[in-house]
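# Examination of the molecular architecture
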Amino acid sequence: MLTPLGWGTAAVSAPLYAAGWWLGYPEPAVLAVAGLAAVAAAALWTLPRPRLDVRREIAPTKVERGEPAVGVLHVTNKGRGVRGLSAQETIRAGAGATSVAVDIPRLRPGGNRTVTYRLPTDRRGEIPVGPLRLVRADPLRLARRAREYGAPEVLLVRPRTVRLALLPSGRAYHLEGPTSDRSPAGTATFHALREYVIGDELRHVHWKSSARTGTLMVRQLVDASLPTTTVVLEARPGSWPEPDDFELAVDAAASVAVGAASASFPVRILTGNGRLADTRGGPDDVEVLLDRLTAVRTEEGPMSTVDAVRRVRAGGSLVVVTNGAAELGRIASVRSRFDRVVVLRVRPPGPAAAPPGVQLVDFADLDGLAESWRRLGSVR
């Protein structure tokens, strides 16, 4: 219950009293007695356990990086009057943990207080908040009593986004059927039969063809009217020596994906570890995409980003978000599988020549990306 200051006061007071008594000086003995009396009074001050009803809320529970989020603390006193009360909120962001101190005014018997405090939102990710500790200390801070209330909650700090329009793919899609094998997958139109691959839905298995060929065959269904936007995020640690550059890359990927999803178009997000998200166009897609990008981190994957692209169905637009040293030649090798290919380079060291059929966008912040994207949208 004693604080370091309380222990120090007690430790100094005892030898001070002994020295005053041994040397016959009353002044040190009086100071020692005062110190010990202060420590005893502090312990008695914090000894009673207050009867409190404590409830904590996080508002909002999902924010963009840098946007404000607050904790709202509701404290009701069900016992005697309480003073000297404060709250400490533990917040684990990244590898470390920080503590936010909140002062609570005096609580009268039966009284209640509502206190708000800012939560840090400068780091993207799932941020555990709590447990909440209520601390009662004496005025001299010689002793204190702490008690935990409630379970930890999670604050989602999601990527920042800027408004980007849907990128024209350069192909006229129609409702009567697909024009090629590169039409995006869907559930509306039968296109062809193909061999089963892991992940296909069993309800699409064509049993008659499977029995005739001896190979499990599935119906390939496409939605010829909705081109897919495939976003590929470079996430290998060696590609991002500066963490801020990777955060900007995640923001750019989120902005492109949200722009397409807001128009109710299908979106895929890939890294070297495989598929991060795959939506088919709907009102809840934006939330799904942002939640998936909240947890993305730099990590070594079993394949490069270009190899990941080769494993997805072709068609629609391909947007690669990478660093300044992008392997443009390898990206250009998959150009024929998509209707449009755009490479977004984060803070490149200098200009580069775009391979045939590939459009380059260099940017240093989200505002620059939005301006370049508007110009890009007018080019087919």
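Scroll up a little and you will see the structure.
Our subject in this report is the structure included herewith. (Residues numbered from 1 in each chain as written. Predicted model: local features only at pLDDT ≥ 70, side-chain atom pairs only at ≥ 80, totals over all residues. Heavy atoms only, no water.)

## Some thoughts on the nonpolar core
Keep this limit in mind: In this description, a nonpolar core means a group of buried Ala, Val, Leu, Ile, Met, Phe, Trp, Tyr and Cys residues linked to one another through side-chain atoms lying within 4.5 Å. Each residue's exposure class comes from its accessible area (1.4 Å probe, protein chains only) as a fraction of the maximum for that residue type: buried when under 20%, exposed when over 50%, partly exposed otherwise. Helical segments are the DSSP runs of H or I of at least four residues, strand segments are the runs of E of at least two, and each set is numbered from the N terminus. Contacts: residue pairs with any heavy atoms within 4.5 Å of one another.
Residues Leu 233, Ile 269, Val 319, Val 321, Leu 344, Leu 369 and Trp 373 are the most contacted members of the largest nonpolar core, which totals 39 residues. Every element with two or more residues in this core is listed here: β12 (229-233), α4 (243-262), β13 (267-271), α5 (285-294), β15 (317-323), β16 (340-346), β17 (358-363) and α8 (366-377). Here this core gets 12 residues from one element, more than from any other, and that element is α4. Among residues more than four places away in sequence, those in contact with Val 319 are Leu 167, Thr 230, Val 231, Val 232, Val 256, Val 342, Leu 344 and Trp 373. Ranked by size, the runner-up nonpolar core spans 25 residues in total, among them Leu 85, Ile 104, Leu 119 and Ile 127.

## Notes on the environment of Leu 376
Structurally, Leu 376 is set in helix α8. By relative accessible area, which is 8% here, Leu 376 ends up buried. Separated by 213 residues in the primary sequence, Leu 376 and Arg 163 have C-alpha atoms spaced 14 Å apart.

## Observations concerning unusual backbone geometry
Cis geometry is found at the peptide bond from Ala 59 to Pro 60, where omega equals -15°. One non-glycine residue with positive phi stands out, namely Ser 264, at about 65°. Mapped onto the elements of the fold, Ser 264 is located in the loop between α4 and β13. The exposure class of Ser 264 is partly exposed, given its relative accessible area of 38%. The phi dihedral of Arg 347 is positive, around 45°, even though this residue is not glycine. With respect to the helices and strands, the residue Arg 347 is situated in the loop between β16 and β17.

## Some words on the pattern of salt bridges
To be explicit about the condition: Salt bridges are identified by distance alone: a Lys or Arg side-chain nitrogen within 4 Å of an Asp or Glu carboxyl oxygen.
For the structure shown, the criterion picks out 21 salt bridges. When the shortest N-O distance is used, the salt bridge between Asp 245 and Arg 347 registers 2.3 Å. One end of the pair, Asp 245, is in helix α4; the other, Arg 347, is in the loop between β16 and β17, with 102 residues separating them in the sequence. Here the salt bridges share partners, and the residues they tie into one network are Lys 62, Arg 158, Glu 287 and Asp 291.

## Notes on the packing of α4 against α5
To be explicit about the condition: Between the N-to-C directions of two axes lies an angle of 0 to 180 degrees, each axis being a line fitted to C-alpha atoms and, for a helix, fitted only over the stretch in contact. Any angle that falls under 35 degrees is termed roughly parallel, while one over 145 is termed roughly antiparallel, one within 65 to 115 roughly perpendicular, and all others oblique. Take the far helix as the reference: if the near one is turned anticlockwise from it by less than a right angle, the crossing is left-handed, and if turned clockwise, right-handed. Think of it as three bins: nonpolar holds Ala, Val, Leu, Ile, Met, Phe, Trp, Tyr, Cys and Pro, charged holds Asp, Glu, Lys and Arg, and polar takes everything else, Gly as well.
Packing of α4 against α5 brings their axes to within 9 Å, and their N-to-C directions diverge by 165°. With respect to each other, α4 and α5 are oriented roughly antiparallel. As for the relative orientation of α4 and α5, their crossing is right-handed in sense. Only Asp 285, Val 286, Leu 289, Leu 290 and Leu 293 of α5 make contact with α4, whose side of the interface consists of Val 250, Ala 253, Ala 254, Ala 257, Val 258, Ala 261 and Ser 262. Across the contact of α4 with α5, the residue classes tally to 10 nonpolar, one polar and one charged.

## Focus: the environment of Leu 155
On the secondary structure map, Leu 155 appears in strand β9 (residues 153-158). Through-space distance from the C-alpha of Leu 155 to that of Pro 120 is 9.8 Å; in sequence the pair is 35 residues apart.

## What about the sheet that holds strand β1 (residues 52-59)?
Formally: For two strands to be treated as a pair, DSSP must find at least two bridges joining them.
Spatially, three strands are ordered β1-β3-β6 in an open sheet, and the strand pairing comes out antiparallel. Only two strands of the sheet have a single neighbouring strand rather than two, namely β1 and β6 (112-118). Along the sheet, successive strands turn relative to each other by an average axial angle of 15°, direction set aside. Judged from the eight bridges that link them, β1 and strand β3 (residues 70-77) form a sheet pairing that is antiparallel. The residue of β3 that forms the bridge with Arg 55 is His 74.

## Describing the sheet that holds β13
Strands sit in the order β14-β13-β12-β15-β16-β17 across an open sheet of six strands; the sheet is mixed. Of all strands in the sheet, those bounded by a partner on one side alone are β14 (274-279) and β17. Strand-to-strand twist across the sheet, computed as the mean angle between neighbouring axes with direction ignored, equals 15°. Across six bridges, the pairing between β16 and β17 is parallel. By the bridge assignment, Val 346 is partnered in β17 with Phe 363. Packing of α4 onto the sheet brings it into contact with β12, β13, β15, β16 and β17, and relative to β12 it is tilted by some 170°. Contacts between α5 and the sheet are confined to β13 and β14, with β14 contributing the most and set at about 160° to the helix.

Keep in mind that these numbers describe shape and distance, not what the molecule does.
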